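Coordinates in review
Listed below are the residues making up each chain.
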Amino acid sequence: MDFKTLIAKRRSIRKFEPQTVPQEVVDRLVEATLTAPSSRNSHSTHLMVIDNPELIARMAEMRDYGSSFMKNAPLAILVMGDPSVTDKWLVNASISATMLQLACVDEGLGSCWVHVDGSLCFKDDPEGPKADEFLRKLLPIPEGMNILCAMAIGYTTFTPADLPVWDKATHIHRL
Ligand SMILES: Cc1cc2nc3c(=O)[nH]c(=O)nc-3n(C[C@H](O)[C@H](O)[C@H](O)COP(=O)(O)O)c2cc1C
């Protein structure tokens, strides 16, 4: 797929077919994700692949807003970063997550980012638990690892509505 088509086709997909993602496709996704550049080549990004439907359904409960749709995803990939190797783990992980979303498009898969880092479980309870703590009770997150997001992934027949048109020119500051 050429680059222009790839970026045009990348949209957040929140509706998935139940069809499982074959292991060789998962392998290519993680391989592509880990080619992302990293500060000082620190390779701080780590991934966790979750394809157990019950576990994914539990992950979908991490927040009371913006995560429930992932219960129907056949695949979730947790994007994490190791802060012990670089203070740029968050930036590195964000680039990796973007790479993962583009790799999904290339494989004919839909995906949507479910944010974890700093996100509350309950949006109206700022002093309450965080999505990160919720996931640590559910999954064997390696000691010291930070979690950026969970990527919900699956095949889809859904075509998202066009996004509102916005004036990109106002975001370009020319000299
Ligand atoms: C940092 C970041 C966090 C996001 N978190 C969520 C989320 O928690 N839940 C969700 O449904 N979508 C989430 N999204 C998806 C955005 O809502 C989506 O990218 C945006 O509305 C633009 O739509 P598009 O991806 O189809 O272009 C996130 C995207 C980014 C980049």
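Throughout what follows, the structure given in this document is the object of discussion. The structure presented is a predicted model; accordingly, all values stated were derived computationally and were not measured. (Residues numbered from 1 in each chain as written. Predicted model: local features only at pLDDT ≥ 70, side-chain atom pairs only at ≥ 80, totals over all residues. Heavy atoms only, no water.)

**Some words on unusual backbone geometry**
Definition in use: Here a helix means four or more residues in a row that DSSP labels H or I, a strand means two or more in a row labelled E, and each is numbered from the N terminus. Throughout this description, buried means an accessible area under 20% of the type-specific maximum (1.4 Å probe, protein chains only), exposed means over 50%, and partly exposed covers the range between.
Here Arg40, not a glycine, exhibits a phi torsion of approximately 50°, which is positive. Considering the arrangement of structural elements, one finds Arg40 in the loop between α2 (23–33) and β1 (45–50). By relative accessible area, Arg40 is classed as exposed at 83%. You will see that His43, though not glycine, has its phi angle at about 50°, which is positive. As for its placement among the helices and strands, His43 is situated in the loop between α2 and β1.

**Topic: helix α4 (residues 89–106)**
One turn of an α-helix holds 3.6 residues; hence residues three or four places apart share an orientation. Using the following cut-off: In a helix, the anticipated span is given by 1.5 Å times the number of residues less one. Contacts were defined at the residue level, with two residues in contact if any of their heavy atoms lie within 4.5 Å.
Its 18 residues place the ends of α4 25 Å apart at the C-alpha level, agreeing with the 26 Å of an ideal helix rising 1.5 Å per residue. Among all positions in α4, only Trp89, Asn92, Ala93, Ser96, Ala97, Leu100, Gln101, Leu102, Ala103, Cys104 and Val105 are buried. Where the residues of α4 are buried, they touch α1 (3–9), α2, β1, β2 (75–81), β3 (110–115) and β4 (146–154). Once α4 ends, the next one or two residues include Gly108, with phi positive near 75°.

**Some words on the sheet that holds β4**
Applicable threshold: DSSP-based pairing: two strands are paired if at least 2 bridges between them are found. Interaxial angles span 0 to 180 degrees and are taken between N-to-C directions of axes, which are lines fitted to C-alpha atoms, for helices over the stretch in contact.
Pairing is antiparallel across the open sheet formed by four strands, whose spatial order is β1-β2-β4-β3. Bordering the open sheet on either side are β1 and β3, each of which pairs with just one other strand. Sheet twist, expressed as the average angle between the axes of neighbouring strands with direction ignored, equals 25°. With six bridges connecting them, β3 and β4 associate as antiparallel partners. Paired with Val114 across the strands is Ala150, a residue of β4.

**Some words on the site of the ligand**
Basically, it comes down to this: When we say a residue is near a molecule or strand, we mean one of its heavy atoms is within 4 Å of it. Polar contacts here mean pairs of N or O atoms no more than 3.5 Å apart (in protein, one a potential hydrogen donor and the other a potential acceptor; neighbouring residues in sequence count only if both atoms are side-chain atoms). Only Asp, Glu, Lys and Arg are considered charged, only Ala, Val, Leu, Ile, Met, Phe, Trp, Tyr, Cys and Pro nonpolar, and every remaining residue, Gly among them, polar.
Every residue lining the ligand is accounted for by Arg10, Arg11, Ser12, Arg14, Arg63, Gly66, Phe69, Cys112, Trp113, Val114, His115 and Leu163. Separating an oxygen atom of the ligand from a side-chain N or O atom of Arg10 is a distance of 2.8 Å. In the model, an oxygen atom of the ligand is placed 2.8 Å from a nitrogen or oxygen of the Arg14 side chain. Partitioned by chemical class, the residues of the shell around the ligand number five nonpolar, three polar and four charged.

**Some remarks on a negative patch on the surface**
Let me state the cut-off plainly: To count toward a patch, a residue needs a relative accessible area over 30% and no salt bridge; like charges are then connected within 9 Å, while nonpolar side chains (Val, Leu, Ile, Met, Phe, Trp, Tyr) are connected within 5 Å. In this description, accessible areas are obtained by the Shrake-Rupley approach with a 1.4 Å probe, and a residue is regarded as covered only by the protein chains that are shown. For this document, the term salt bridge refers to a Lys or Arg side-chain nitrogen within 4 Å of an Asp or Glu carboxyl oxygen. When charges are counted, Lys and Arg contribute as positive and Asp and Glu as negative, whereas His and the chain ends are disregarded. The location of each charge is read from NZ of Lys, CZ of Arg, CG of Asp or CD of Glu.
The grouping of Asp64, Asp124, Asp125 and Glu127 at the surface amounts to a negative patch. Locating Asp64 in the fold gives a position in the loop between α3 (53–59) and β2.

**Concerning the environment of Lys123**
Position of Lys123 relative to the elements: it lies in the loop between β3 and α5 (131–138). Considering only alpha carbons, one finds Lys123 and Arg63, 60 residues apart in sequence, at a separation of 7.7 Å. For Lys123, the contacting residues outside a window of four places in its chain are Asp64 and Tyr65.

**As for the side chain of Ser111**
Here Ser111 is to be found in strand β3. Separated by 2.9 Å, the side chains of Ser111 and Gln101 make a polar contact. If we ignore the near neighbours within four places in the chain, the residues touching Ser111 are Arg11, Ser12, Ile13, Phe16, Gln101, Cys104, Met151, Ala152 and Ile153.

**With respect to the packing of aromatic side chains**
Just so we agree on the cut-off: The rule is short: rings of Phe, Tyr and Trp, with Trp giving its six-membered ring, pair when the centres are within 6.5 Å, and they are stacked under 30 degrees, edge-to-face over 60, tilted in between. Only lysine NZ and arginine CZ atoms are considered, and such an atom sits over a ring when it is within 6 Å of the ring centre and within 35 degrees of the ring normal.
Counted according to the given criterion, the structure contains zero aromatic pairs. A cation over a ring is seen here: Arg14 above Phe69, with NZ or CZ 5.9 Å from the ring centre. The residue whose ring lies beneath Arg63 is Tyr65, and the NZ or CZ to ring-centre distance is 4.1 Å.

**Topic: the packing of α2 against α4**
Counted only if it meets this: Angular relationships are summarised with four words: roughly parallel below 35 degrees, roughly antiparallel beyond 145, roughly perpendicular across 65 to 115, and oblique for the angles in between. With the far helix as reference, a near helix turned anticlockwise by less than a right angle produces a left-handed crossing, and one turned clockwise produces a right-handed crossing.
It is at 8 Å that the axes of α2 and α4 come closest, and there the two elements cross at 140°. Compared by their axis directions, α2 and α4 come out oblique. Of the two possible hands of crossing, α2 and α4 adopt the one that is right-handed. Touching Leu29, Ala32 and Thr33 of α2 are Ser96, Met99, Leu100, Ala103 and Cys104, all from α4. Considering only residue class, the contact of α2 with α4 consists of six nonpolar, two polar and no charged.

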